Amino acid sequence: MDKLRRVLSGRDENEELGLTSQVLDASTLSYSTRVKWFVICFASGILCSILGTALLFLPNGIKLFAAFYTLGNIAALASTCFLMGPLKQLKRMFEKTRLIATIVMLLCLVLTLCAAFWWHKKVLALIFCILQFLAMTWYSISYIPFARDAVMKCFTTCLS
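Residues numbered from 1 in each chain as written. Predicted model: local features only at pLDDT ≥ 70, side-chain atom pairs only at ≥ 80, totals over all residues. Heavy atoms only, no water.

**Focus: the UniProt feature "transmembrane region" (unreviewed entry) in the protein**
Argument step 1. Residues annotated by UniProt as "transmembrane region" (unreviewed entry) correspond here to residues 37–58, 64–87, 99–119 and 125–146.
Argument step 2. With 86% helix and 0% strand, the stretch residues 37–58 has end C-alpha atoms that lie 32 Å from each other.
Argument step 3. Structurally, residues 125–146 comprises 77% helix and 0% strand, and the distance from its first C-alpha atom to its last is 32 Å. (UniProt positions renumbered as here; feature names shortened; annotations may be inferred. Helix = DSSP H or I, 4+ residues; strand = E, 2+ residues; numbered from the N terminus.)

**Observations concerning a nonpolar patch on the surface**
Argument step 1. Judged by side-chain polarity, F117, W118, W119, V123, L124, I127, I130, L131, F133 and L134 come together as a nonpolar surface patch covering roughly 1,000 Å² of accessible area.
Argument step 2. Assignment of secondary structure puts I127 in helix 7 (residues 122–141).
Argument step 3. On the accessibility criterion, I127 (41% relative accessible area) is partly exposed. (Patch = residues over 30% accessible without salt bridge, like charges linked within 9 Å, V, L, I, M, F, W, Y side chains within 5 Å. Areas by Shrake-Rupley, 256 points an atom, 1.4 Å probe, with all protein chains shown as cover. Salt bridge = Lys/Arg side-chain N within 4 Å of Asp/Glu carboxyl O. Buried < 20%, exposed > 50% of the residue type's maximum accessible area, 1.4 Å probe, protein only.)

**Examining the nonpolar core**
Argument step 1. Core analysis: the largest hydrophobic core is formed by 9 residues, namely I62, F65, A66, Y69, A115, A116, A125, F128 and C129.
Argument step 2. Broken down by secondary-structure element, the contributors of at least two residues to this core are helix 4 (61–84), helix 6 (99–118) and helix 7.
Argument step 3. The element that contributes the greatest number of residues to this core is helix 4, accounting for 4 residues.
Argument step 4. Excluding anything up to four places from it in sequence, I62 contacts L56, A116, K122, A125 and L126.
Argument step 5. Residues M93, A101, M136 and Y139 belong to the second largest nonpolar core, which totals 7 residues. (Core = buried A, V, L, I, M, F, W, Y, C linked by side-chain atoms within 4.5 Å. Contact = heavy atoms within 4.5 Å.)

**Quick word on the packing of helix 4 against helix 6**
For any two helices packed against each other, one specifies the inter-axial angle together with the distance between the axes.
Argument step 1. Where helix 4 meets helix 6, the axes come as close as 9 Å, and the angle between the chain directions of the two elements is 160°. Classified by the angle their axes make, helix 4 and helix 6 are roughly antiparallel. Like other packed secondary-structure pairs, helix 4 and helix 6 cross with a definite hand, here left-handed. Residues I62, K63, A66, A67, T70, N73, I74 and L77 of helix 4 form the contact with helix 6, whose participating residues are M105, L109, T112, L113, A116 and F117.
Argument step 2. A class-by-class count of the residues in the contact of helix 4 with helix 6 yields 10 nonpolar, 3 polar and 1 charged. (Axes fitted to C-alpha atoms, helices over the stretch in contact; angles between N-to-C directions. Parallel < 35°, antiparallel > 145°, perpendicular 65-115°, else oblique. Left-handed = near helix turned anticlockwise from the far one by under 90°. Nonpolar A, V, L, I, M, F, W, Y, C, P; charged D, E, K, R; others polar.)

**Some points on the pattern of salt bridges**
A side chain of one charge can pair with a side chain of the opposite charge when the charged atoms of the two come close.
Argument step 1. Applying the stated criterion across every chain yields a total of 1 salt bridge.
Argument step 2. The residue R98 makes a salt bridge to E95 at a minimum N-O spacing of 2.9 Å.
Argument step 3. We classify R98 as buried; its relative accessible area is 6%.

**Side note on the side chain of Q132**
Argument step 1. Along the polypeptide, Q132 turns up in helix 7.
Argument step 2. A relative accessible area of 0% places Q132 in the buried class.
Argument step 3. Within the local environment of Q132, its side chain forms a polar contact with the side chain of T112, the two groups lying 2.8 Å apart.
Argument step 4. The residues touching Q132, leaving out its near neighbours within four places in the chain, are Y69, T70, N73, C108, L109 and T112. (Polar contact = N/O pair within 3.5 Å; in protein donor to acceptor, adjacent residues only side chain to side chain.)

Written as structure tokens, this is what we have:
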């Protein structure tokens, strides 16, 4: 009834609550809007990662690489918030099945920036970027049923 009253009085619910409310609860966004922002955010994440890789070969490019590569991974990770909502995303990130992958991924994001900007260790920054990639991959395949088992089986078969 309150919603009807707001609409009839000319005060739309979105005007009162603002964009923050829409972002916090993806279900208030239309499906097409969520998909569009997912694609925009994910594509910008990929673009940042590619740009960071290209900047790696410049003098002092390790800092730019670390910053853009990490920003790209954060944008790609944040893009899924538009599909399922940030609260549901956080709950899923810290479920038992992907808790370790999430912690390692977030830790690698932070350590990459620390190695590049504070510790000034180029090799360590590159190692953390590689670990960041591996952790993000392991985290991503955790959403595909039985994908981790298949990867582990392939890995153990290749080592045997």
